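So the chains spell out like this:
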Amino acid sequence: MPLKIKRSVCPYDCPDACGLLVEVVDGRAVKVRGDPDHPFTRGTLCPKMNRYQETVHSPLRLTHPLLRTGKKGTGQFQPISWEEAIERISTRWHEIIKRSGAEAILPYSYAGTMGLIQRNAGHPFFYKLGASRLERTICSPAKEAGWKAVMGDTPAPHPDEVAESDLVILWGINAIATNIHFLHGVKSARRKGAAVWLIDTYKNLTSTVVDQTYIVRPGSDGALALGLMHLLIQLNLIDIDFLNTHVQGFEELKEKILPQYPVQRVSHLTGLSIEALQSMAKSYGRAKKPFIRLGSGLSRYGNGAMAVRTIVCLPALVGAYGKRGAGCFTSTNTGEAFAMKEILREDFMEKKTRIVNMNQIGSALNELKDPPIESLYVYSSNPAAVAPDQNQVLKGLAREDLFTVVHERFMTDTARYADIVLPATSSLEQSDLYRSYGTYCIQRAKPAIPPLGESKSNWEAFSLLAKAMGFEDPFFRQSADDLIDHLLSIPSPMREGMDQKTFQSGKAVELSLPKDARTKFKTPSGKIEILNPKEPHPLPHYFPPYGGNEPFYLMTAPSFYALNSSFRERSDLRKKERGMLLKMNPADAEKKGLNEGEPVIAFNSLGEVSFLLRITPDVPQGVVVAEGIWWLEHAPGTRSVNALTSQRLTDRAQGSTFYDNTVDVRKASKC
Ligand SMILES: Nc1nc2c(c(=O)[nH]1)N[C@H]1C(S)=C(S)[C@@H](COP(=O)(O)OP(=O)(O)OC[C@H]3O[C@@H](n4cnc5c(=O)[nH]c(N)nc54)[C@H](O)[C@@H]3O)O[C@H]1N2
Ligand SMILES: Nc1nc2c(c(=O)[nH]1)N[C@H]1C(S)=C(S)[C@@H](COP(=O)(O)OP(=O)(O)OC[C@H]3O[C@@H](n4cnc5c(=O)[nH]c(N)nc54)[C@H](O)[C@@H]3O)O[C@H]1N2
Ligand code: SF4
Ligand SMILES: [Mo]
């Protein structure tokens, strides 16, 4: 059989959105490589995706619709046809709508695939149905809110500009795991003499590729930024011309807020020494082009949006926003590249329906009334593993009166609780349109291989459901490619001058950035708004995170070998991770009488989770780290990390607070 090389895109929730070259033989993907023609991928992939074919052709892929035969959660099912599955779902939904109204039905989806068509395929359907709406704020809305409060709609710089910087700060981001291609630019900056810092709550893997790691107390970054700004003024390292021309509210910040953050207090709040703080301020103030790459970790706290807002003010003081290769990169906002309203079709909603926050799915399933949630339709997400307060989520999913449908590639923790499981195609089997939150690349993907078994894409599943529910609108009868063609026929300034032929051939092209992004800030005042009169607190300040009563702050950080709960089907990657570990400082382990490698239980008022203990000086005292989200079948106990995280939300934008939890730790057995 001849070998064909097809282009595709990595579908996962990762800022890099890599271009792929897929080697196909006889309808099977046999090898997957990074596309050398992709401007950001540059021919290399991360360790997770290097063998994507093993995920795509995994023997664990779901290939038939399934009907539950055993108790919820036990994973006992029998195969049924698509016709029967759709018939059962639509019959049940018609009954529920008649009895309780469509708001008793709730969709739950997130970012199993980032492709715009497949990711959002359910929106038009559920708007038309009149279902409850899901507030999709599990990831980083607080980070966006923090940026927006100061910079409005100002676009982030091109990520490769970092190569021109002389001081790169990786702030709350384990880039080697979560943004590996960004490090290409960081490395070139470093070769030219730039210093690279990591500011984190523990020495994550990225600390091995930087010059200096600063360990801060969880949730204290806002205080750090205020302290640095205070020191910059004292050291006379601010750019007065830039502040006078482009910034609103510097004087107010200087007079009213910064005096509250003398270096001693900031040292106390952050855990950084006075010397370290002074040295940071001097280096930052003297750098010609300081570039901050801000992760989302520090935004997942009760004070997360304010912390981000405060950090985003820092570059304004030294005029960094006015220079190429300097400033702050949170994420690219490419929302205007395509007419999203043509994908989402909010206009299908006849009246505004109830909103359920996805971080509070646990409470929603157990407590919502008028009407209670009677049916849950999950696609492109694994809430039993990824949502906070796992005990509440599992309790809700176990309700016998809840009719749950899960459209999935694998038998995940959530799928085990389904009444009906529908098999999903992988990204290599479906058409889509991709943009990225870490680059300005866009790409169109066509299927590289046929669907495995009877699996169907999200788009196809919703087409079938729309028909069964009697939706007449022609929108639901088009194919994914029809919709992509329609979107491409609508012009956007970001796509102006784009090379159509290259794009249609499946290669990545880059969107264009406004030329005046460094002098014209897209805020109501046209200036960088350190003072934002529309915010409940017009000036940034520091307030503590939620915290808790237990002795250790729990960092639920990303794993190098997985992406949220995706890739857990892969035993090769799981083996490299060496189990579901809890990392702890040697002094803490000694105090607790705990030994390397032994099973331990982390616990708080929400739950208990078993881990294997890893003792390491990379973690400071008072902090424990659990990297990755494991499937329950691979966990040492009966729960995974999110049994320890709460449903509390961020200060702004209703985001998740995964990092803002405390735990205690004890030996697993009392012998
Ligand atoms: N390999 C891998 N890649 C991924 C993911 C994954 O799970 N694994 N997840 C994907 C997704 S959905 C997202 S949103 C992104 C996530 O990427 P980001 O959220 O942008 O950042 P992360 O790289 O997850 O790193 C978060 C870091 O923040 C640190 N941190 C926690 N609290 C604080 C704090 O108070 N202050 C400071 N300074 N640091 C703190 C953590 O220790 C951790 O190292 O990555 C994506 N890519
Ligand atoms: N403890 C802790 N919990 C966290 C985080 C953390 O840092 N710590 N991070 C949070 C963050 S930032 C995020 S974004 C969320 C992510 O939460 P999710 O978006 O739920 O992410 P995944 O765990 O990757 O689950 C995605 C599922 O979609 C399926 N899938 C993939 N492609 C398709 C498709 O085309 N169709 C269908 N129907 N299914 C598909 C995959 O098989 C996978 O099971 O997790 C959050 N949870
Ligand atoms: S770095 Fe991110 S986008 Fe690139 S292959 Fe890995 S997961 Fe996919
Ligand atoms: Mo995320």
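These numbers come from a predicted model, not from an experiment.

1. Some thoughts on the sheet that holds strand β6 (residues 105–109)
Alright, step 1. Within the open sheet, the six strands sit side by side as β5-β4-β17-β16-β15-β6. Their pairing is mixed. At either margin of the open sheet sits one strand with a lone partner, and together these are β5 (77–79) and β6. For this sheet, the mean inter-axis angle between neighbouring strands, taken without regard to orientation, is 20°.
Alright, step 2. Sheet topology note: the strand β15 (residues 375–379)/strand β16 (residues 403–408) ladder contains five bridges and is parallel. Of the residues in β16, the one forming a bridge with S375 is F403.
Alright, step 3. This element, helix α4 (residues 122–129), spans β6 and β15 of the sheet and lies at about 165° to β15.
Alright, step 4. Where helix α18 (residues 458–468) meets the sheet, it contacts β15 and β16, and its direction lies at approximately 150° from that of β15.

2. Topic: the domain arrangement of the chain
Alright, step 1. For the chain, the assigned domains read domain 1 (3–56), domain 2 (66–136 + 336–430 + 445–492), domain 3 (142–333 + 516–529) and domain 4 (552–667).
Alright, step 2. Look at where the C-alpha atoms of domain 1 and domain 3 centre, and you get two points 33 Å apart.
Alright, step 3. Contacts between the two partners involve twelve residues from domain 1, matched on the other side by ten residues from domain 3.
Alright, step 4. Across the domain 1/domain 3 interface, buried area totals approximately 790 Å², and carbon plus sulfur atoms make up 52% of it.
Alright, step 5. Counting the surface domain 1 buries against domain 3, the share from its top three residues, D16, F40 and R42, is 61%.

3. A look at the site of ligand 1
Alright, step 1. Lining the immediate environment of ligand 1, one finds 33 residues, of which T178, D200, D221, S559 and A562 sit closest.
Alright, step 2. In the environment of ligand 1, a nitrogen atom lies 3.1 Å from a nitrogen or oxygen atom belonging to the backbone of I199.
Alright, step 3. For ligand 1, a nitrogen atom lies 2.7 Å from a polar atom in the backbone of S559.
Alright, step 4. When ligand 1 is considered free in solution it has 900 Å² of accessible area, and contact with the protein chains removes 96% of it.
Alright, step 5. Of all the secondary-structure elements, those providing two or more residues to the shell around ligand 1 are α6 (175–178) and β9 (195–200).
Alright, step 6. Partitioned by chemical class, the residues of the shell around ligand 1 number 17 nonpolar, eleven polar and five charged.
Alright, step 7. In this structure, the shell around ligand 1 is formed jointly by two domains, domain 3 (142–333 + 516–529) and domain 4 (552–667), each of which donates at least three residues.

4. So, the sheet that holds strand β25 (residues 608–615)
Alright, step 1. Spatially, β22-β26-β23-β25-β24-β27 is the arrangement adopted by the six strands of the closed barrel, whose pairing is mixed. Recorded for the sheet is a direction-independent mean angle of 45° between the axes of neighbouring strands.
Alright, step 2. Strand direction decides the pairing type here: strand β22 (residues 552–555) and strand β26 (residues 623–625), joined by three bridges, are parallel. In the strand pairing of β26, Y553 is matched with V623.

5. Let's talk about the pattern of salt bridges
Alright, step 1. Within the structure shown, the criterion is met by 36 salt bridges.
Alright, step 2. One salt bridge connects R399 with D401, and the closest N-O pair in it is separated by 2.9 Å.
Alright, step 3. For R399, a relative accessible area of 15% corresponds to the buried category.
Alright, step 4. Given the relative accessible area of 49%, D401 is considered partly exposed.
Alright, step 5. For E598, the salt bridge goes to K667, with nearest N and O atoms at 3.0 Å. Here E598, found in the loop between α22 (586–592) and β24 (599–603), pairs with K667, found in strand β27 (residues 662–667); they are 69 residues apart in sequence, far enough to count as distant.
Alright, step 6. With relative accessibility at 16%, the residue E598 sits in the buried group.

6. Focus: the site of ligand 3
Alright, step 1. If you check the shell around ligand 3, you find C10, C14, D16, A17, C18, L45, C46, K48, M49, I180 and H181 and nothing else.
Alright, step 2. Grouping the amino acids of the shell around ligand 3 by side-chain chemistry returns eight nonpolar, one polar and two charged.

7. Remarks on unusual backbone geometry
Alright, step 1. Omega for the bond connecting D370 with P371 falls within 30 degrees of zero, at -10°, which places this linkage in the cis form.
Alright, step 2. Checked against the element boundaries, P371 lands in the loop between α15 (361–367) and β15.
Alright, step 3. Positive phi outside glycine occurs at A17, with the angle close to 45°.
Alright, step 4. As for its position among the elements, A17 is in the loop between β1 (3–9) and β2 (19–25).
Alright, step 5. Classification of A17 as buried rests on a relative accessible area of 13%.
Alright, step 6. Within the secondary structure layout, D370 lies in the loop between α15 and β15.
Alright, step 7. For D370, a relative accessible area of 74% translates into the label exposed.

Definitions and cut-offs
Residues numbered from 1 in each chain as written. Chains lettered and ligands numbered in written order. Predicted model: local features only at pLDDT ≥ 70, side-chain atom pairs only at ≥ 80, totals over all residues. Heavy atoms only, no water. Pairing = 2+ DSSP bridges. Helix = DSSP H or I, 4+ residues; strand = E, 2+ residues; numbered from the N terminus. Axes fitted to C-alpha atoms, helices over the stretch in contact; angles between N-to-C directions. Contact = heavy atoms within 4.5 Å. Domains from an automatic or database assignment. Buried area = accessible area lost by both parts, 1.4 Å probe. Near = heavy atom within 4 Å. Polar contact = N/O pair within 3.5 Å; in protein donor to acceptor, adjacent residues only side chain to side chain. Areas by Shrake-Rupley, 256 points an atom, 1.4 Å probe, with all protein chains shown as cover. Nonpolar A, V, L, I, M, F, W, Y, C, P; charged D, E, K, R; others polar. Salt bridge = Lys/Arg side-chain N within 4 Å of Asp/Glu carboxyl O. Buried < 20%, exposed > 50% of the residue type's maximum accessible area, 1.4 Å probe, protein only.

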